[in-house]
Amino acid sequence: MSDRIVTMDKIVNLAKRRGFVFPSSEIYGGLASCWDYGPLGVELKRNVKEAWWRDTVTSRPDVVGLDCAIMMHPRVWEASGHVKNFTDPLVDCKKCKQRFRADQLDMVQCPEKPSKHPGECGGELTGARQFNLMFETHMGPVEDSGATVYLRPETAQGIFVNFVNVVNSARMRPPFGIAQIGKSFRNEITPGNFLFRTREFEQMELEFFVKPGDDDEWFKYWLDRRIAWYREYGIRAERLKLRPHASDELAHYAKGCSDVEYDFPIGWQELEGIANRTDFDLKQHIEYSGKDLSFYDDGTKERFVPYVIEPSAGADRSTLAFLVDAYDEDEAEGEQRAVLRLHPSLAPIKVAVLPLMRKAGLPEKASEIVETLRPHCAVAYDQAGSIGRRYRRQDEAGTPLGITVDYQTLEDETVTLRDRDSMQQERIATAELLDVVRERIAPPTSSRGLLP
Ligand code: GAP
């Protein structure tokens, strides 16, 4: 790890400086572990979510989407087991009065002696007690317990309670999936490490419903598919691995689970969980709602409660992993440069158009090119400073292509096209620009392979 160029500090600094991510409510001193996405960050995260949605939903015949309300009937969370089981073990330090997750003490610093972990500083820790992570609020003007609702801690339950609605309206039959991207909330005891663990975050979840007995095969399929997705979007193979859960680690609903882990600057950590949730959730909702959520296969005349394979990824955590993985430093024209080698289809800005000089009609010509490209992709125009500095600025933002308009452009309608990674430049006719740009920023064609 120590020989790695990238550190979390470098990512946090770059994110702030270039407008990827700002501390939330910064002018009031910030709010712990809450972050706002700036102009570049919002594009990057949208592109990550779009890449996931394209791969998981729109490019497949067997998955449809959903967008559920964040607040749901409180019985949902009794049925799902969250009211009873969605807890973390909490300890208090009697000396500094801070609270920590009992099972993650080795991952946090003592607030008073940062070189030590909590409990190693002379402060005595209380025994562990269970703390429910759901945020509670009250619906309507009266704050009585009958009006308690929760901010959802996962998007998955919105999918389960709509299972029959989707089967009936979209005429889907197992094996098929329902996908959702949306905010989830957890009152984490020890959030931190920038976007890695926050109390408000976005999930990208798929619940894939299969016939009992077909679940192992589909579990394997989704493990492969999800790893392939990260790889196709450029995550380095050596920083990605699957870690099967030990049986004592499994969530209360899971028959099997593997985490996709990424080697962050803070070490190997979960990026996504892929679980075989069995028929646990649908059966719980059948019991608690009294509604029939089984599926009747009129071909085979069988009725069954489907099993569920669930790949559940974090949009913010993935965005962080893409940023970390893309970060690099090298030398350009004798100067150090920081560069984000993001997959072009994830990059916030695809093309920067740069007039070589601010005279002789070059800015006007460059603006013309900007207007040609703008309907098709995110374009930046920059005329401030030396051309080298402008390239550096775009490299740091992860912009894969730079177009320079120079005097020759005015003579023969050609421009230079510069590649962010190789820094190679080639001369291209302006008439061909749109096609070339489109080709270079296209998403990867999926190597999905045969369905089981
Ligand atoms: N429905 C299953 C589920 O929610 P999870 O492993 O608790 O499973 C799935 O969460 C993913 O959501 C994680 O792998 C992570 O990427 C993201 N996630 C969970 N808690 C998070 C947090 N506090 N901050 C940021 N992302 C989080």
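Below is a short write-up of the structure. (Residues numbered from 1 in each chain as written. Predicted model: local features only at pLDDT ≥ 70, side-chain atom pairs only at ≥ 80, totals over all residues. Heavy atoms only, no water.)

### A look at the site of the ligand
Inspection of the region around the ligand gives 21 residues, with Glu154, Arg186, Thr198, Glu205 and Glu270 positioned closest. Here Arg277 contributes a side-chain N or O atom positioned 3.4 Å from a nitrogen atom of the ligand. Gly314 is positioned with one of its backbone polar atoms (N or O) 3.0 Å from an oxygen atom of the ligand. In isolation the ligand offers 560 Å² of accessible surface; the protein chains occlude 91% of this area. Looking at the shell around the ligand, the elements that each hand over two or more residues are strand E10 (200-210), strand E13 (267-278) and strand E16 (307-314). The element best represented in the shell around the ligand is E13, accounting for 5 residues. Of the residues that constitute the shell around the ligand, the class distribution is 6 nonpolar, 5 polar and 10 charged. (Near = heavy atom within 4 Å. Polar contact = N/O pair within 3.5 Å; in protein donor to acceptor, adjacent residues only side chain to side chain. Areas by Shrake-Rupley, 256 points an atom, 1.4 Å probe, with all protein chains shown as cover. Helix = DSSP H or I, 4+ residues; strand = E, 2+ residues; numbered from the N terminus. Nonpolar A, V, L, I, M, F, W, Y, C, P; charged D, E, K, R; others polar.)

### Observations regarding the pairing of strand E22 (residues 414-419)
When you tally the buried positions in E22, you get 5 out of 6 residues, the bulk of the element. For strand E21 (residues 401-405) and E22, the ladder comprises 4 bridges, and the chain directions are antiparallel. Residue pairing for E22: Ile403 is matched across the bridge by Leu417. Pairing between E22 and strand E23 (residues 425-429): 5 bridges, direction antiparallel. The partner of Val415 across the bridge, within E23, is Ile428. (Buried < 20%, exposed > 50% of the residue type's maximum accessible area, 1.4 Å probe, protein only. Pairing = 2+ DSSP bridges.)

### What about helix H9 (residues 315-326)?
Here H9 spans 16 Å end to end across 12 residues, near enough to the 16 Å set by a 1.5 Å rise per residue. Among the 12 residues that make up H9, 12 are buried, leaving the element largely enclosed by the rest of the structure. Within H9, burial applies to Ala315, Asp316, Arg317, Ser318, Thr319, Leu320, Ala321, Phe322, Leu323, Val324, Asp325 and Ala326. (Expected span 1.5 Å × (residues − 1).)

### Section: the side chain of Gln157
Note on placement: Gln157 falls in helix H5 (residues 156-161). Those residues in contact with Gln157 that lie beyond four places of it in its chain are Met72, Val76, Trp77, Ser80, His82, Arg277, Asp281 and His285. (Contact = heavy atoms within 4.5 Å.)

### Points about the pattern of salt bridges
Side-chain pairs of opposite charge can arise whenever the charged atoms involved come near each other. A full pass over the atoms with the stated rule returns 50 salt bridges. Among the ionic pairs, Arg75 bridges to Glu78, the shortest N-O distance being 3.1 Å. Of this pair, Arg75 and Glu78 are both found in helix H3 (residues 74-79), 3 residues apart, which corresponds to roughly one turn of the helix. Exposure remark for Glu78: the relative accessible area of 35% places this residue in the partly exposed category. The closest approach of N and O atoms between Asp330 and Arg337, which form a salt bridge, is 2.6 Å. Here the salt bridges do not stand alone but share partners, grouping Asp328, Asp330, Arg337, Arg341, Asp395, Arg418, Arg420 and Asp421 into one network. (Salt bridge = Lys/Arg side-chain N within 4 Å of Asp/Glu carboxyl O.)

### Remarks on helix H6 (residues 163-170)
Of all the residues in H6, the buried ones are Phe163, Val166 and Val167. In an axial view of H6, the angular spread of the buried residues amounts to 100°, which keeps them on one side of the axis. Projecting away from the buried face of H6 at angles above 90 degrees are the exposed residues Asn168 and Ser169. The inward-facing, buried residues of H6 abut strand E3 (63-65), H5, strand E9 (176-185), E10, helix H8 (280-289) and strand E14 (295-297). Backbone geometry just downstream of H6 places Arg171 in the positive-phi region, at approximately 55°. (Arc of directions from axis to C-beta.)

### Focus on the packing of helix H1 (residues 8-18) against helix H11 (residues 387-397)
With their axes 11 Å apart at the nearest point, H1 and H11 run at an angle of 120° to one another. In terms of orientation, H1 lies oblique with respect to H11. Considering only the axes of H1 and H11, their crossing is left-handed. For the pair H1 and H11, contact is made by Leu14, Arg17 and Arg18 and by Arg393, Glu396 and Ala397, respectively. (Axes fitted to C-alpha atoms, helices over the stretch in contact; angles between N-to-C directions. Parallel < 35°, antiparallel > 145°, perpendicular 65-115°, else oblique. Left-handed = near helix turned anticlockwise from the far one by under 90°.)

### Topic: the packing of helix H2 (residues 39-58) against H9
Close contact between H2 and H9 brings their axes to 10 Å; oriented N to C, the two are set at 110°. Viewed along their axes, H2 and H9 adopt a mutual orientation that is roughly perpendicular. Contact residues: H2 offers Leu44, Lys45, Val48 and Lys49, while H9 offers Ala315, Asp316, Ser318, Thr319, Phe322 and Leu323. Classifying every residue of the contact of H2 with H9 by side-chain character gives 5 nonpolar, 2 polar and 3 charged.

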